[in-house]
Amino acid sequence: MRLRKVFPSPRWGVHPPDRKRPAADLPLRVLPLPERLFVPLQQHIGTPARPIVRAGQRVLKGQLLAEPQGTLSAAIHAPSSGQVLTIGEVTAPHPSALPIPAIVIACDGEERWIESDAPSDPFDLTPEEINRRIAAAGIVGLGGATFPAALKLGLGYRAGIHTLLINGSECEPYLSCDDRLMRDKPEAILDGVRLMLQATGARQALIGIESNKPEAIAAMEQAAQPYPELRVRILPARYPMGSERHLFAKLTGTELPADCRTTDLGVLVHNVATAYAVHQALRLGHPLVERILTLNGGAIANPGNVRVPIGTLVETLLEMDELNETPARLIMGGPMMGQSLPHARVPVVKGTSGLLALTAAETAFGTPRPCIRCASCARACPMNLLPMEMAARIGADDLDGAVELGLKDCLACGCCAYVCPAHLPLVQSFNHAKGALAARERARLRTESARRLAAARAERLEREARERAEAAARRKTERALRATKDPTPTITDPSAPERQAEVV
Amino acid sequence: MITLDLMTAILSLTGLGLILGLGLGLAARVFAVAEEGQVSALLALLPGTNCGQCGFAGCLGAAEALASGRAGPRLCPAGGATLVPLLAKHLGLELEDAGHDEGPRIAVIKESLCTGCCRCLKVCTTDGIVGAAKQIHVVLREACMGCGACAERCPTGAIQLEPMPVSLQHWIWPKPKPELALR
Amino acid sequence: MSQFSLVSAPLAAPHTHGGEGVGTIMRKVMLALTPATLFAFWLYGWPAVHLWWITVLASVLGEGLAVRAMGGRVWATLGDGSAILTGWILALSLPPWAPWWIGASGGLFATILGKQVFGGLGCNLFNPAMIARVALLISFPVHMTQMVEPLPLGSTGAPDFVAGLRLIFFGGPEFDAVSSATLLSHTKAEFSRGLDLIQQGVSLPSVLGIQAGSLGETSALLIALGGVVLLGWRVISWPIPLAMLTGLAVPALIAHALDPARYLDAATHLLSGAAVLGAFFIATDSVTSPNTRPGQLVFGLGCGLLTWIIRTYGSYPEGVAFAVLLMNATTPLIDRWIRPRIYGRDRRGRALEPSHPDSKGDQR
């Protein structure tokens, strides 16, 4: 039994009630395959993937449907075998209810996989080759950020990192998909971690798990026994312990400077589910086509963890799992940072860690009241910002004032709004401000480009005018030349000389 | 006695007020800050397309109007709502409530009405229309500043100014209504 | 079947809430004030009770009128209880047998001109109760300094409910209330007569509070108890009370040690006047005090120091109200200069210099 190092609970952040059990303790379920799968072309940060299949084409499970466009992009694979119906649009799982392009597949129910091209021993591969396979498998950060994993690992490799931090904290209430994965497949996860170590050249990996998951801790420690370079660390159960910055600080004891990335300090952070996906891709040759998510909330009849193929409509999931009342909110993700869904006809994507159907009592919504400047938000903020001051400036449309107070450092974790007695929509203010600043920057770039275009046009017009003038001058000289070379021809018509004079 | 005191008080304070007020007004004239660099700085903020929608002689005319105070920061339709606070900040003006802004607009050519006359092409301030004689024209979204010159010129009315379509990447959370939602 | 249908406006995270509401906080403060208030009621009898409810009522009325005039929702605004609390605190700072119009005008002043004119809850710069108290003190100095000796409920000569009403509304010479002065005003008056403290024979004020004073000045013990309860509930935090009492006690200690005849000692200062009330209930008003812990310490210290200075050198016997108002004026400055260090940045806001973590692992 190894010595455990337990950290004291920090003062920042909040500690909402867990509400993970009994869902976390129930065994993983696999729901029946839906008839249709709606696979969006963008389930990652970066450029949407470009489809390489056509309507009517038959595809196998795991077949490449869309290839990455550009460096910051990821591949999309078929979550089940069947026929591509169309490449159309589906409502994005986003509060805006905007449409996004998606490939619609009609499943044939046979679940036939593509041929595996997994190597016999992935540990024989070079780091570049491992990365290439990870990219080819379309793996993105499954903790919710959905950053293309191969790119991140490549960055780590080039930066020469020495430590990999594996995020098993799962700090959001209700969610237990990572917990379930760690309890059921600890060896597979650690295999993936070791592959990541190979891909980045790091020497050791620290797996951080919150103290409210004793079974997962035990399972992972047991599986890590044969590998001295893999160590499990128990983290205090506090939200947002899973934030990269705070995980880093807790596990390395160093505060991450504001403009630094963890790779600058020799560390790279990845989620446990991403490690598992790496294992699946390199050992079995299976690209990322399904994931475990938590169905929870007061309105769900049978809470628990389920494994679903990417592209399953939330509506289908809820039909299979059943709601026992109309939820006040339907959320994709956790209650603190998740996205509220406009309706249930949205697909599950790679970054979906959970689906919550919350009752009105659970949302504890209150009408916003005036701010009483109690500073509870400032005390709760894990980044030590002053949320009420920033919100006041944003309310007065002073976006630069809000930036000066540290808006760019805001994680949008939701701790401030969680504790605010006045129920102020603080996170919405900050998200609005960040969006407005981005729009302002885009508008500035647009204005710049318009200025360049207008200048180019002015130059074009000037050039054309110049050319016209030169051409006119040339024609004039040519005519003059012709007139001198060619003397006046004999004219029988007595009025001809006058006509000639007119022409000249 | 009381009346004399009262009169003295009134006269002295009034006199003081008058003198000081005149002094302030004089100082505002005499010591006014020269604003030469301001025109070029304002010009740099404006789009520079000289579309004339503001009613002044090109962007230079608008910059001069802004600097001299003849026009407010909301004068430029092509710059849109994002330009207004930038201009206001530069001029040191307070903006009242922003008012409702539908966002940037771009010209869209209705293909069924386009005759390929090429008139819009010639007046586009950023050369943002692609087309040839007797061919259907199209407006390049990235180049369009929403000045409306093409819409005015089109003989068949095929061009309309429409709000820029919102994509998921560019969607912004609406600003929450002030907590005086109790009003 | 999912009955979940289209939601019109986008709903922002977080989708749950763990804090309490504004109304709950106000109610907790009122609960903490109750023991001291009940004691004061017992000590001064029915007139005090009437003065209390008249002030509270006027305060609520003022807020309702102001909100109605501005076109807001009256009941929703009154529902948070802040007007009641303002009136309550104001009532505690008034002389216990003051005429009704003192309480009424004070209450109206506090909410209308002290709070609503600035924009309502959260927008005022100065503590509304203290603004009203100071306005009353300056406008009606005689009525505001006419204290009486305690005449507890049930004792001989104490007015009953109806008599109390008559007293408050119409004044009345028929009661044998002995007009008295608070300890602080008494000592100041004696100073002006040339008697120093030793000659006056000043004794420690009663800890239990059976002495002349305004409603809230009497029982320091019960007020402090309420304050500690608020600390435990985390409605207020420790910097301001600690700093204010320290800022009052330390100069008093030093001065008394240097010249016991001229300066009152620290214990007297702490137990008399509105020191304890101010430290726990008045200066801690979240709207008008700084956001950060260090800022609150500065604020509290300033309040305490100014209180001591005004009590000792100023012409008014009690300085808490003025001190709090003066420090309220400095709150925006304190907030501007004293800001928390953003995680990952230094105190100036610049990003930290990267220092490489121990590559051997997580020793720390």
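Going by an unreviewed UniProt entry, chain C carries the name Ion-translocating oxidoreductase complex subunit D and comes from Thermochromatium tepidum ATCC 43061. Looking at the Sequence similarities (unreviewed entry) heading of the UniProt record, one finds this comment for chain C: "Belongs to the NqrB/RnfD family." One UniProt comment on chain C, placed under Function (unreviewed entry), says "Part of a membrane-bound complex that couples electron transfer with translocation of ions across the membrane."

In the annotation of an unreviewed UniProt entry, chain B is listed under the name RnfABCDGE type electron transport complex subunit B and assigned to Thermochromatium tepidum ATCC 43061.

What follows is about the overall build of chain C. In terms of regular secondary structure, chain C is built from 16 helices and two strands. Across the 364 residues of chain C, 54% fall into the buried class. For chain C, contacts bridging at least 24 residues in sequence account for 75% of all contacts bridging at least 6. Approximately 15800 Å² of chain C is accessible, and the part contributed by carbon and sulfur atoms is 67%.

Turning next to the sheet that holds strand 8 (residues 99-107) of chain A. Across a sheet, strands are paired by hydrogen bonds formed along the backbone, either parallel or antiparallel in direction. All names here are of chain A. The four strands are arranged 2-8-7-4 in an open sheet whose pairing can be described as antiparallel. Each edge of the sheet is formed by a strand with only one pairing partner; in this case those strands are strand 2 (36-40) and strand 4 (58-59). With five bridges joining them, strand 2 and strand 8 adopt antiparallel strand pairing. Within strand 8, the position partnered with proline 40 by the bridge is alanine 102.

Glancing now at the interface of chain A and chain B. Taken together, the contact pairs 36 residues of chain A with 35 residues of chain B. For the chain A and chain B pair, buried surface summed over both sides reaches about 3000 Å², with 61% attributable to carbon and sulfur atoms. Three residues, Arg446, Arg451 and Arg457 of chain A, lead the burial of chain A against chain B; their summed loss comes to 20% of the area buried on that side. The tally of links from chain A across to chain B stands at three salt bridges. A salt bridge links aspartate 127 of chain B to arginine 457 of chain A, with the nearest nitrogen and oxygen atoms 3.4 Å apart. Seen at the junction of chain A and chain B, the total is 15 residue pairs in polar contact (both at pLDDT 80 or more). Those elements that provide at least two residues to the side of chain A that touches chain B are helix 11 (387-395) and helix 14 (426-485) of chain A. Broken down by element, the residue count for the side of chain A that touches chain B peaks at 19 residues, all from helix 14 of chain A. Here the residues of the side of chain A that touches chain B are counted per class, giving 16 nonpolar, 11 polar and nine charged.

Each side of the interface is counted separately: chain A has 80 residues, and chain C has 53 residues. Taken together, the two surfaces of chain A and chain C that pack against each other cover about 5600 Å², and 55% of this comes from carbon and sulfur. Per-residue buried area on chain A facing chain C is highest for Glu255, Ile372 and Arg373 of chain A; these three make up 12% of the total on that side. Connecting chain A to chain C are five salt bridges.

Another point: helix 3 (residues 177-184) of chain A. Summarising burial for helix 3 of chain A: seven of the eight residues are buried, a large majority. Looking at helix 3 of chain A, one finds that the buried residues are Cys177, Asp178, Asp179, Arg180, Leu181, Met182 and Arg183 of chain A.

Attention now goes to the domain arrangement of chain B. Residue and element names in this part refer to chain B. Each assigned domain of chain B is listed with its residue range as follows: domain 1 (1-32), domain 2 (38-91) and domain 3 (105-163). One C-alpha centre belongs to domain 2, the other to domain 3; they are set 24 Å apart. At the interface, five residues of domain 2 touch six residues of domain 3. Among the residues of domain 2 in contact with domain 3, Thr49, Gln53 and Ala78 are the three that bury the most area, contributing 74% of the side total. At the boundary of domain 2 with domain 3, the tally comes to zero salt bridges. Scanning the region where domain 2 abuts domain 3 turns up zero residue pairs in polar contact (both at pLDDT 80 or more). In terms of residue class, the side of domain 2 that touches domain 3 is built from three nonpolar, two polar and no charged.

Attention shifts here to the UniProt feature "modified residue: FMN phosphoryl threonine" (unreviewed entry) in chain C. All names here are of chain C. Residues annotated in UniProt with the feature "modified residue: FMN phosphoryl threonine" (unreviewed entry) correspond here to Thr182. By secondary structure assignment, the location of threonine 182 is in the loop between strand 2 (179-180) and helix 9 (183-192). Looking at threonine 182, the relative accessible area reads 11%, which means it is buried. When neighbours within four sequence positions are excluded, threonine 182 is seen to be in contact with Met147, Ala212, Gly213 and Glu217.

Before going further, it helps to spend a moment on the nonpolar core. Note on soluble globular proteins: their nonpolar side chains tend to be buried together. Residues Leu407, Leu426 and Phe430 of chain A together with Leu33, Leu277 and Phe281 of chain C are the most contacted members of the largest nonpolar core, which totals 104 residues. When residues in this core are grouped by element, the largest group, 13 residues, is from helix 1 (residues 22-44) of chain C. Beyond its immediate chain neighbours, meaning those up to four positions away, phenylalanine 430 of chain A contacts Pro387, Met390, Ala391, Ile394, Leu407, Cys410 and Cys416 of chain A. Core analysis: the next-biggest nonpolar cluster, separate from the first, contains 48 residues, Ala149, Met196, Ala273 and Leu282 of chain A among them.

To continue, consider the environment of alanine 132 of chain B. All names here are of chain B. The residue alanine 132 is located in the loop between strand 2 (129-130) and strand 3 (138-139) in this model. Judged by its relative accessible area of 37%, alanine 132 is partly exposed. Separated by 13 residues in sequence, alanine 132 and arginine 119 place their C-alpha atoms 10 Å apart. If near-sequence neighbours (up to four positions away) are discounted, alanine 132 is found in contact with Gly116, Cys118 and His137.

Here we take up the pattern of salt bridges. Residue and element names in this part refer to chain A. Counting across every chain of the model gives 37 salt bridges over all chains. In this structure, arginine 180 engages aspartate 184 in a salt bridge whose closest nitrogen and oxygen atoms are separated by 3.1 Å. Residue arginine 180 and its partner aspartate 184 are located together in helix 3, separated by four residues, close to a single helical turn. When its relative accessible area of 36% is taken as the criterion, aspartate 184 is described as partly exposed. Note that glutamate 459 and arginine 463 form a salt bridge whose closest N and O atoms lie 3.9 Å from each other. With a gap of four residues between them, glutamate 459 and arginine 463 both fall in helix 14, about one helical turn apart. In this structure, a network of salt bridges that share partners links the residues Arg21, Asp25, Asp179, Arg183 and Glu215.

Glancing now at the sheet that holds strand 3 (residues 50-51) of chain A. Spatial strand order, 3-5-6 (chain A): three strands in an open sheet with antiparallel pairing. Because the sheet does not close on itself, it has two edges, and the strands there are strand 3 and strand 6 (76-77) of chain A.

We now examine the state of the cysteines. Between two cysteines, a covalent bond joining their sulfur atoms is known as a disulfide. Here the structure, examined in full by the defined rule, presents zero disulfides over all chains. Note on cysteine 114 of chain B: no disulfide assigned, nearest cysteine sulfur contributed by cysteine 120 of chain B at a separation of 6.4 Å. In this model cysteine 303 of chain C remains outside any disulfide bridge; the closest cysteine sulfur is found in cysteine 374 of chain A, 19 Å from its own. Overall, cysteine 303 of chain C belongs to the buried group, its relative accessible area being 0%.

Let us now look at a positive patch on the surface. Residues and elements named next belong to chain A. On the surface, Arg474, Arg475, Lys476, Arg479 and Arg482 cluster together into a positively charged patch. Tracing the backbone through its elements, the reader meets arginine 479 in helix 14. With a relative accessible area of 48%, arginine 479 lands in the partly exposed category.

Residues and elements named next belong to chain C. The N-to-C vectors of helix 4 (residues 82-92) and helix 5 (residues 100-113) enclose an angle of 135°; their axes lie 10 Å apart at closest approach. Looking at the two axes, helix 4 sits oblique to helix 5. Two packed elements cross with a definite hand, and for helix 4 against helix 5 that hand is right-handed. Taking contact as the criterion, the partners of Ala83, Thr86 and Leu90 in helix 4 are, on helix 5, Gly106, Gly107, Ala110 and Thr111. Looking at the contact of helix 4 with helix 5 residue by residue, the class counts come to three nonpolar, four polar and no charged.

Let us now look at the environment of leucine 33 of chain A. All names here are of chain A. Along the chain, leucine 33 turns up in the loop between strand 1 (29-30) and strand 2. Leucine 33 sits in the partly exposed class, given a relative accessible area of 28%. C-alpha separation for the pair leucine 33 and asparagine 131, spaced 98 residues apart in sequence, amounts to 31 Å. When neighbours within four sequence positions are excluded, leucine 33 is seen to be in contact with Ser80, Cys107, Gly109, Glu111 and Pro309.

Bringing unusual backbone geometry into the picture now. Of note, the amide linkage connecting arginine 21 of chain A to proline 22 of chain A takes the cis form, showing an omega dihedral of 10°. Of note, the bond from tyrosine 239 of chain A into proline 240 of chain A is cis; its omega dihedral lies within 30 degrees of zero at -5°. Of note, proline 240 of chain A is situated in the loop between strand 11 (230-235) and helix 6 (244-252). Phi at histidine 423 of chain A is positive, roughly 55°, even though this residue is not glycine. Looking at the secondary structure, you find histidine 423 of chain A in the loop between helix 13 (415-419) and helix 14. Of note, the phi angle at cysteine 118 of chain B is positive, near 70°, even though the residue is not glycine. Along the polypeptide, cysteine 118 of chain B turns up in the loop between strand 1 (105-109) and helix 5 (119-123).

Conventions and cut-offs
Along each chain, residue indices are assigned from 1 in the same order as the chain's sequence is written. The naming scheme follows written order: chains are lettered A onward, ligands numbered 1 onward. Restriction of local features to residues with pLDDT of at least 70 applies here, the model being predicted, together with a cutoff of 80 or more for giving and counting side-chain atom pairs; totals for whole chains, interfaces and linings are based on all residues. Side-chain numbers here rest on the full set of heavy atoms in the structure, without hydrogens or water. UniProt positions are given in the numbering used here, feature names are shortened, and annotations may be inferred rather than shown by experiment. By the criteria applied, helices consist of DSSP H or I runs no shorter than four residues and strands consist of E runs no shorter than two, each listed in order from the N terminus. The rule is simple: take the accessible area with a 1.4 Å probe, protein chains only, and divide by the maximum for that residue type; under 20% is buried, over 50% is exposed, in between is partly exposed. A contact between two residues is defined here by any heavy atoms of the two lying within 4.5 Å. Accessible areas in this description were obtained via Shrake-Rupley with a 1.4 Å probe; residue shielding takes into account the shown protein chains only. Two strands pair under a simple rule: DSSP has to find at least two bridges between them. Summed over both partners, the accessible area (1.4 Å probe) lost when two parts come together is defined as the buried area. Any carboxyl oxygen of Asp or Glu that lies within 4 Å of a side-chain nitrogen of Lys or Arg is treated as forming a salt bridge with it. Identification of polar contacts relies on pairs of N or O atoms within 3.5 Å, with a donor-acceptor requirement for protein atoms, meaning one able to donate a hydrogen and the other able to accept it, and with residues adjacent in sequence counted only if both atoms are side-chain atoms. Residue polarity follows a fixed list, in which Ala, Val, Leu, Ile, Met, Phe, Trp, Tyr, Cys and Pro are nonpolar, Asp, Glu, Lys and Arg are charged, and the others, Gly among them, are polar. These domain limits were set by an automatic method or by a database of domain assignments. Here the nonpolar core consists of buried residues drawn from Ala, Val, Leu, Ile, Met, Phe, Trp, Tyr and Cys, with membership extended through side-chain atoms lying within 4.5 Å. Disulfides are defined in this document as cysteine sulfur pairs within 2.5 Å. Patches were defined on residues exceeding 30% relative accessible area and lacking a salt bridge, with like-charge contacts within 9 Å and nonpolar side-chain contacts (Val, Leu, Ile, Met, Phe, Trp, Tyr) within 5 Å. All tallies of charge rest on Lys and Arg as positive and Asp and Glu as negative; His and the ends of each chain are not included. The atom standing in for a charge is NZ when the residue is Lys, CZ when it is Arg, CG when it is Asp and CD when it is Glu. All axes are obtained by fitting lines to C-alpha atoms, using only the stretch in contact for helices, and the reported angles, taken between N-to-C directions, cover 0 to 180 degrees. Throughout this description, any angle smaller than 35 degrees is read as roughly parallel, any larger than 145 degrees as roughly antiparallel, any in the 65 to 115 degree range as roughly perpendicular, and the remainder as oblique. Should the near helix be turned counterclockwise from the far one by less than a right angle, the crossing is left-handed, whereas a clockwise turn marks it as right-handed.

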